[in-house]
Amino acid sequence: MKITVVGTGYVGLVSGTCLAEVGNHVLCLDVDPAKIKILEEGGIPIYEPGLQEMVTRNVAAGRLHFTTDIEKAVHHGTIQFIAVGTPPDEDGSADLQYVLAAARNIARSMTDYKVIVDKSTVPVGTAAKVKAAVAEELQKRAVDIPFSVVSNPEFLKEGAAVEDFMRPDRIVVGAEEEQAIHLMRALYAPFQRNHERLIVTDVKSAELTKYAANAMLATRISFMNELANLAEVLGADIEMVRQGIGSDPRIGYHFLYPGCGYGGSCFPKDVKALIKTAADDAKITLKVLTAVEEANDLQKHILSHKIKARFGDLKGKHFALWGLSFKPNTDDMRDAPSRELIKDLFAAGATVSAYDPVAMHETQRIFGDDPRLKYADSPMSALDNADALVIATEWKEFRSPDFEAIKAALKNPLIFDGRNLYDPKFVRNSGIEYFAIGR
């Protein structure tokens, strides 16, 4: 099949590349010439395990191409995926200007039937707005060309996005017209040979499903974070509690890990947008999700509170920080807990030496050349002259360190672990003071 993907960000590039991998001819469009230049020169503008190799392979095979030419992109694919950004507006609602601009661009150049697919995470009712925008542009051209608008939300985990697309748990397609449903079934057939994973719904239900999924996962994280804070005061161990409740099949173990808050491009944005949609469109206050968001905002300061409680005045103190990205296997710094931690330490007069396997370049873009933040070329070199080690991201390479070497390198043998990576008894027996979350 011939497919056009509008937007070469996280969702667009992964989706387009995986669709090319199974034999489709995919043209990825982006209005940012810098991104297209990187892709045409054999690079990729994001970090995602396995993606670079797959892009290289499919470009070499002639199945994957990139362009800034809108007209060319519209003429290429019967199926047109819209995978552009929906950043939060100042009021928390999803900003749809890029989605609607992409839809209008399709309408201005289309000459035959198109299936326009909303792949971006968009609020309920967006498909109707896309449909209206396309119809309006066609009317301006005084042409009557058939088209369908489909909602096909992505469920990709950053750091495992290629695997998630190639082996999906479910494929949700919100559509009303039979022709569009038929084409979407044909498109996704290679990804569900083992058993049927495609769920066809009405458009609004598909749009709400994406928000509901992310809001549910965010709720579990905030719930566990609050329980962890309680366990700490009561003298219980949240890790034992996690095992105790996770073993209940109705609850399960996923997303029950307490820490220093959730971040990334999805959970914070989608929780905000769902709260805003409910308030504006339905005049309903989502009390649970409001609490989820408030709890997470507080949790992002938990490490700095622990550090201040232990040291008191932080003026002139220097901290080693392991991990910057909001989670491992990505360079995504959007709403990362490390950002709040660094700001808190700066505000208290401290300095930071940070190490992250892939997110240092992105962090530098955010914090600029702030002299209070230095970047180390290895986890151990970050410890030089540090008063304590702070861990904000659970990268695999941090899981089994040399505690004797850590103890020797730090001015004070102290670890503040925002991801509960270590067994408290083992670390304390090594002669290191250990502060975790709820342990």
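Structure first, text after, so check above.
Predicted model only: the values in this text are computed from it and were never measured.

J.: Lay out the packing of aromatic side chains in plain terms, naming residues and giving numbers.
T.: Between two aromatic rings, the relevant description is the distance of the centres plus the angle of the planes. The tally for this structure, following the rule as stated, stands at 14 aromatic pairs. Ring plane angle 40 degrees and centroid distance 6.3 Å describe the contact between Phe 165 and Tyr 188, whose orientation is recorded as tilted. With Phe 165 in helix α7 (residues 161–166) and Tyr 188 in helix α8 (residues 178–188), this pair connects stretches of sequence that are 23 residues apart. Taken as a pair, Phe 165 and Tyr 188 share a single burial class, namely buried. Ring geometry for Phe 346 against Phe 367: centres 6.2 Å apart, planes inclined by 85 degrees, an arrangement best described as edge-to-face. Note that Phe 346 is positioned in helix α14 (residues 337–347) and Phe 367 in helix α15 (residues 360–367), a separation of 21 residues in sequence. No difference in accessibility class separates Phe 346 from Phe 367, as the two residues are buried. Each member of the aromatic cluster is reached from another via a ring pair, and the members are Phe 311, Phe 319, Phe 416 and Phe 435.

J.: An account of the packing of helix α11 (residues 267–281) against helix α12 (residues 287–299) is requested, with residue identities and associated values reported.
T.: It is at 10 Å that the axes of α11 and α12 come closest, and there the two elements cross at 145 degrees. The hand of the α11/α12 crossing is left-handed. Along its contact with α11, which presents Val 271, Lys 272, Leu 274 and Ile 275, the element α12 presents Leu 289, Thr 290 and Glu 293. Looking at side-chain class alone, the contact of α11 with α12 contains four nonpolar, one polar and two charged residues.

J.: Break down the pairing of strand β5 (residues 114–118) for me, with residues and values.
T.: Taking burial as the measure, the five residues of β5 include five buried ones, the bulk of the element. Both faces of β5 are covered, namely the face carrying Lys 114, Ile 116 and Asp 118 and the face carrying Val 115 and Val 117. In terms of strand pairing, strand β4 (residues 79–82) meets β5 through four bridges, oriented parallel. Within β5, the position partnered with Ile 79 by the bridge is Val 115. Viewed along the sheet, the connection from β4 through helix α5 (residues 97–109) into β5 turns out right-handed. Where β5 meets strand β6 (residues 147–151), five bridges bridge the pair, whose relative direction is parallel. Each residue of the ladder has a partner; that of Asp 118, found in β6, is Ser 151. A crossover links β5 with its parallel partner β6, the connecting element being helix α6 (residues 126–140), and its sense is right-handed.

Criteria and thresholds
Residues numbered from 1 in each chain as written. Predicted model: local features only at pLDDT ≥ 70, side-chain atom pairs only at ≥ 80, totals over all residues. Heavy atoms only, no water. Phe/Tyr/Trp six-rings, centres within 6.5 Å; stacked < 30°, edge-to-face > 60°. Helix = DSSP H or I, 4+ residues; strand = E, 2+ residues; numbered from the N terminus. Buried < 20%, exposed > 50% of the residue type's maximum accessible area, 1.4 Å probe, protein only. Axes fitted to C-alpha atoms, helices over the stretch in contact; angles between N-to-C directions. Left-handed = near helix turned anticlockwise from the far one by under 90°. Contact = heavy atoms within 4.5 Å. Nonpolar A, V, L, I, M, F, W, Y, C, P; charged D, E, K, R; others polar. Pairing = 2+ DSSP bridges. Right-handed = clockwise from strand over helix to strand, strands pointing away.

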